[in-house]
Amino acid sequence: MTTAFPLLRLPYLVLMLILEQLDFMERIALSILSKRARMFLKLLKMKCNHINISLEGERIRMEVSFDNSIELTLNMYANHYTRIRSNYENDYHDYWSCTRPHVDYVLPIMDVTHCKSIKKLTFPKVAEYNPKYDPHIPLLMKLPKIDELIVEHTSLYYFSPDSPLLKVLRIIFPVISAVTISDQVRKPKYTREVFKGNFDVVSLRHPWNIKGFSLNDWRIANAKTLKLDGSSFKVENVNRYFKLWMKKKCNPRLENLIVRTRENVTKDLLLKGLNAVQVPINADRSLRVLGNIKQYHSDEEILFEFDITRADGRRATISISNYGLVFFYVWPFSQNQSSFIRAFSFISTFYNS
């Protein structure tokens, strides 16, 4: 009979020397098996760059990226088989049979790698009427924070009031900062719960041939940054939205609005009735987005910029690009507006279809 070696009972200095000699995968495995071991392993400062999770049917795919180019990938299945792979010295563990649920893998790895949030949580296309989200619910209920939720390949049923997807999303809405909805959202009323949510960023991307999004469908948005991409968004409605902002009858939290249309964006139609004042375009431009200064790096060329001012003194800048993109930036009251450099920045993934 083999007696277990009391590793964690060793003196602190001896224990830390041993843990430092463990290879990368051994440290990860030990962090999953023991909460007390995880406490010591955290002192080794295996800090990850970010963690992405994708929910694919009954499987959870977890990708952990480190600054030193090491990547750890876990494929966890509902039938309690887990495949773990790392590019560190070609580490690979094929199918660990275990009785632990997904949450007992994801949360310990987040803890030992000092990760406070999931960078991207993705719901890719799954079986429409039998998505099998139940195995993921215990994990979703315990995730501390999600920087961005991405819902791909949606259909009419996915965002209907009784869809399994929407019921699961309601669990994690309180810890989500940004939401991106892609593909076929055929009924705008199904997205209203997302638009009304208290998110920092809401992005809606869908094919050009889907119609039906009126001004009333997106004026209710409550996000600080709203990005709309599609032929359903008309220049006339954008102008009407700006007028609502001038009258303080739309989203009071709005900081940035980015709209792409397939129409020819003309200054006269976009700025009608706004008393807009054209301002010079500065080549060295930057934008304060959610508290961070981001540089403008894109092939998109800004043709015109205009300032509009509300009766209460709040100012906003409208920019028009050469590819039918309209930017709207609300200047903060708390800053000396004349000291800011005008600019507009948008995430490159906004252009991907």
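Residues numbered from 1 in each chain as written. Predicted model: local features only at pLDDT ≥ 70, side-chain atom pairs only at ≥ 80, totals over all residues. Heavy atoms only, no water.

The name recorded for the chain in an unreviewed UniProt entry is F-box domain-containing protein, from Caenorhabditis remanei.

## A word on the UniProt feature "domain: F-box" (unreviewed entry) in the chain
Residues given the UniProt feature "domain: F-box" (unreviewed entry) here are residues 4-42. In this annotation, residues 4-42 is assigned 69% helix and 0% strand; the end-to-end C-alpha distance for the span is 23 Å. (UniProt positions renumbered as here; feature names shortened; annotations may be inferred. Helix = DSSP H or I, 4+ residues; strand = E, 2+ residues; numbered from the N terminus.)

## Focus on the packing of aromatic side chains
Applying the stated criterion to the full structure yields seven aromatic pairs. Where F24 meets F66, the ring centres are 5.3 Å apart and the plane angle is 90°; that geometry is what we call edge-to-face. Pair noted here: F24 is in helix α2 (residues 24-33) and F66 is in strand β2 (residues 59-66), with a separation of 42 residues, a long-range link. Like F66, F24 is buried. Measuring from ring centre to ring centre gives 4.9 Å for Y329 and W331, while their planes differ by 70°; the resulting arrangement is edge-to-face. Judged by relative accessible area, which is 3%, Y329 ranks as buried. Members of the aromatic cluster, joined through ring pairs, are F242, W245 and F328. A cation over a ring is seen here: K267 above F304, with NZ or CZ 4.2 Å from the ring centre. When the ring centre of W331 is taken as reference, the NZ or CZ atom of R315 above it lies at 5.1 Å. (Phe/Tyr/Trp six-rings, centres within 6.5 Å; stacked < 30°, edge-to-face > 60°. Buried < 20%, exposed > 50% of the residue type's maximum accessible area, 1.4 Å probe, protein only. Lys NZ or Arg CZ within 6 Å of the ring centre and 35° of its normal.)

## Some remarks on the side chain of N75
The residue N75 is located in strand β3 (residues 71-77) in this model. When its relative accessible area of 8% is taken as the criterion, N75 is described as buried. Only 3.3 Å separates the side chain of N75 from the side chain of R59, close enough to count as a polar contact. One polar contact links N75 to R61, side chain to side chain, over a distance of 3.2 Å. (Polar contact = N/O pair within 3.5 Å; in protein donor to acceptor, adjacent residues only side chain to side chain.)

## Things to note about helix α1 (residues 12-21)
Regarding α1, the residues found buried are L15, M16 and L19. Projected onto a plane normal to the axis of α1, the buried residues spread over an arc of 95° and lie on a single side. Summarising the geometry of α1, the exposed residues directed more than 90 degrees from the buried face are L13, L17 and Q21. Here the buried face of α1 lies against α2 and α3 (35-41). (Arc of directions from axis to C-beta. Contact = heavy atoms within 4.5 Å.)

## Brief notes about unusual backbone geometry
Of note, K45 is a non-glycine position whose phi angle comes to about 60°, a positive value. By the element assignment, K45 lies in the loop between α3 and β1 (48-56). Assessed through its relative accessible area of 63%, K45 is described here as exposed. Here K248, not a glycine, exhibits a phi torsion of approximately 60°, which is positive. Tracing the backbone through its elements, the reader meets K248 in the loop between α9 (235-246) and β11 (256-260). Looking at K248, the relative accessible area reads 55%, which means it is exposed.

## Quick notes on the packing of α2 against helix α4 (residues 103-112)
In the contact formed by α2 and α4, the axes pass within 9 Å of each other and the chain directions differ by 115°. Where α2 crosses over α4, the two elements pack in a sense that is right-handed. Across from I28, S31 and I32 in α2, the residues of α4 making contact are D104, Y105, P108, I109 and V112. (Axes fitted to C-alpha atoms, helices over the stretch in contact; angles between N-to-C directions. Left-handed = near helix turned anticlockwise from the far one by under 90°.)

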